[in-house]
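Overview (structure and organization)
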Amino acid sequence: MTDIPDETLMLAWQAGDKAAFNVLYGRYRPRLFSYLLRHLGQRAQAEEVYQEIWLTLIRRRSAYSVTSAFGSYLFCIAHSRLHDHYRRQGKRWTHEQEDEALIACKSGQPDQQLDLEQQAQRLRFCLQQLPPEQRSIVLLRLEAELTLQAMSEQLQVAFETVKSRFRYAQKKLQSCLGLEGEA
């Protein structure tokens, strides 16, 4: 069942195939729980909302139709349950959280959108771990798209120093991101 598309599994479960539900549950547990934990910060709260999401899916099982990716459908439920959770707590989402959740819900592939956001957060974290002189070189390269020669001239630092800082920064970023051994 591992190579069966999510939508087909959902329709099979809708028709009474309990094993199809178990496969969907297993596929989405890591991504969905990670999403909740990142927003809520507390494992117990994430577990509670996680269970609410699956209960909602169970209740809505008969209404499901393939109009978009199953992941999109599930993450829209997650978005709604997170809103409910915050409302019960008397809290509001920040604009940043709201925007991320809405993008995830509206995109055709919310789980991939969330994966990209998590990767971007990891990159920001790793950039902060670099020494300031290496971080500035990397940011000039990524954001301003400057060549090493242009950076050398702008920073008034020898070309070989800029080149060396960039190379060390690349290695540190690859290590931090778990990309060691990749080109």
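Before going into details, it helps to say that this report is about the structure given with it. (Residues numbered from 1 in each chain as written. Predicted model: local features only at pLDDT ≥ 70, side-chain atom pairs only at ≥ 80, totals over all residues. Heavy atoms only, no water.)

Of all the positions in helix α8 (residues 148-155), only Leu148, Met151 and Ser152 are classed as buried. Buried residues in α8, looked at end-on, bunch into an arc of 100°, giving them a common side. Those residues of α8 that are exposed and aimed more than 90 degrees away from the buried face are Glu153 and Gln154. Of the surrounding secondary structure, the elements contacted by the buried residues of α8 are α7 (132-143) and α9 (159-177). Gln156 sits one or two positions beyond α8 and adopts a positive phi of about 55°. (Buried < 20%, exposed > 50% of the residue type's maximum accessible area, 1.4 Å probe, protein only. Helix = DSSP H or I, 4+ residues; strand = E, 2+ residues; numbered from the N terminus. Arc of directions from axis to C-beta. Contact = heavy atoms within 4.5 Å.)

Bringing the state of the cysteines into the picture now. Here the structure, examined in full by the defined rule, presents 1 disulfide. Each disulfide pairs two cysteine sulfurs, and for Cys126 the partner residue is Cys176, the sulfurs being separated by 2.0 Å. Of note, the bridge from Cys126 to Cys176 carries an S-S torsion of about -80° and is left-handed in sense. Of the two residues, Cys126 is situated in helix α6 (residues 110-129) and Cys176 in helix α9; the sequence distance between them amounts to 50 residues. (Disulfide = S-S within 2.5 Å.)

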